[in-house]
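Here's the letter readout for the chains.
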Amino acid sequence: QMAFFGDQTLRALFLEAKIAAAVTDSTVKAAFDEQVAQMPPVLEMQVRHILLRSESDARDVIEQLKSGRPFADLAKERSADEASKPLGGDLGYIAEGQTLPEIEQAARQLQPGMFTQTPVPSAFGFHVVLLEATRNRPAPPFETVAAQIRRSLEEAEQQRIVGQLRAAAQVEKLVPDVAPPASEDGHEH
């Protein structure tokens, strides 16, 4: 057993050293950069909205916005959306499919800094929508994914090393292949 454990330890140390030499900080960073370059751009919109129960209330809010009232102040005062109300109606940056389709469609037709000129109806009531900004979704920070990329590269390197060693090894079977015993369940296995 000591010889077996010694062999296992040597094998582990051998693989660890080979993998450490192949997977360096620079190879992890290069893999990250390659993955980021292959990511398709995802458009995100920073949206605010004010939810109102009636179309006339929504039209009133639009008139107040046209007269210069700040959107965030009106959202805090009048919005029926309790989640975004304290945030001045801010829904944050959203990508396609992350909010009501009516809000998304209305925001897509706006330029940054503009709000809808007519109420946007939905199942929840009437919305006034403001598009704050648009951007392409940023890549995740390197620090948050570096460990995961490193593990993936190390596993791939281990498989490559072991595969290379197996391909170069010559194996001699000292015991012939033995057929499994026939079962007696009436089926040929």
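Given the structure is predicted, the values throughout are model-derived calculations rather than measurements.

Here the focus is the environment of Gln 98. Structurally, the position occupied by Gln 98 is in the loop between strand S2 (90-94) and helix H5 (101-108). Gln 98 sits in the partly exposed class, given a relative accessible area of 49%. Once the C-alpha coordinates of Gln 98 and Glu 44 are considered, the two residues, 54 residues apart in sequence, prove to be 9.9 Å apart. Setting aside residues no more than four positions away along its own chain, Gln 98 makes contact with Tyr 93, Glu 104 and Arg 137. In terms of polar contacts, Gln 98 uses its side chain to reach the backbone amide nitrogen of Ala 95, at 2.6 Å.

For any pair of aromatic rings, the description consists of the separation of the ring centres together with the inter-plane angle of the planes. For the structure on display, the rule yields 2 aromatic pairs. Between the aromatic rings of Phe 32 and Phe 142, the centroid separation amounts to 5.2 Å while the plane-to-plane angle is 70°, which identifies the pairing as edge-to-face. In this pair, Phe 32 sits in helix H2 (residues 25-38) while Phe 142 sits in helix H6 (residues 142-168), placing the two residues 110 residues apart along the sequence. With a relative accessible area of 9%, Phe 32 lands in the buried category. What makes Phe 142 partly exposed here is its relative accessible area of 23%. Against the face of Phe 142 rests Lys 29, its NZ or CZ located 5.3 Å from the ring centre.

What follows deals with the packing of helix H3 (residues 55-66) against helix H4 (residues 71-78). The interhelical angle for the contact between H3 and H4, taken along N-to-C directions, is 150°, at an axis separation of 10 Å. In terms of orientation, H3 and H4 fall into the roughly antiparallel class. Note that H3 runs across H4; the crossing there is right-handed. Two secondary-structure elements touch here, H3 through Asp 57, Asp 60, Val 61, Gln 64 and Leu 65 and H4 through Phe 71, Leu 74 and Arg 78. Grouping the constituent residues of the contact of H3 with H4 by class yields 4 nonpolar, 1 polar and 3 charged.

Basis of the calculations
Residues numbered from 1 in each chain as written. Predicted model: local features only at pLDDT ≥ 70, side-chain atom pairs only at ≥ 80, totals over all residues. Heavy atoms only, no water. Helix = DSSP H or I, 4+ residues; strand = E, 2+ residues; numbered from the N terminus. Buried < 20%, exposed > 50% of the residue type's maximum accessible area, 1.4 Å probe, protein only. Contact = heavy atoms within 4.5 Å. Polar contact = N/O pair within 3.5 Å; in protein donor to acceptor, adjacent residues only side chain to side chain. Phe/Tyr/Trp six-rings, centres within 6.5 Å; stacked < 30°, edge-to-face > 60°. Lys NZ or Arg CZ within 6 Å of the ring centre and 35° of its normal. Axes fitted to C-alpha atoms, helices over the stretch in contact; angles between N-to-C directions. Parallel < 35°, antiparallel > 145°, perpendicular 65-115°, else oblique. Left-handed = near helix turned anticlockwise from the far one by under 90°. Nonpolar A, V, L, I, M, F, W, Y, C, P; charged D, E, K, R; others polar.

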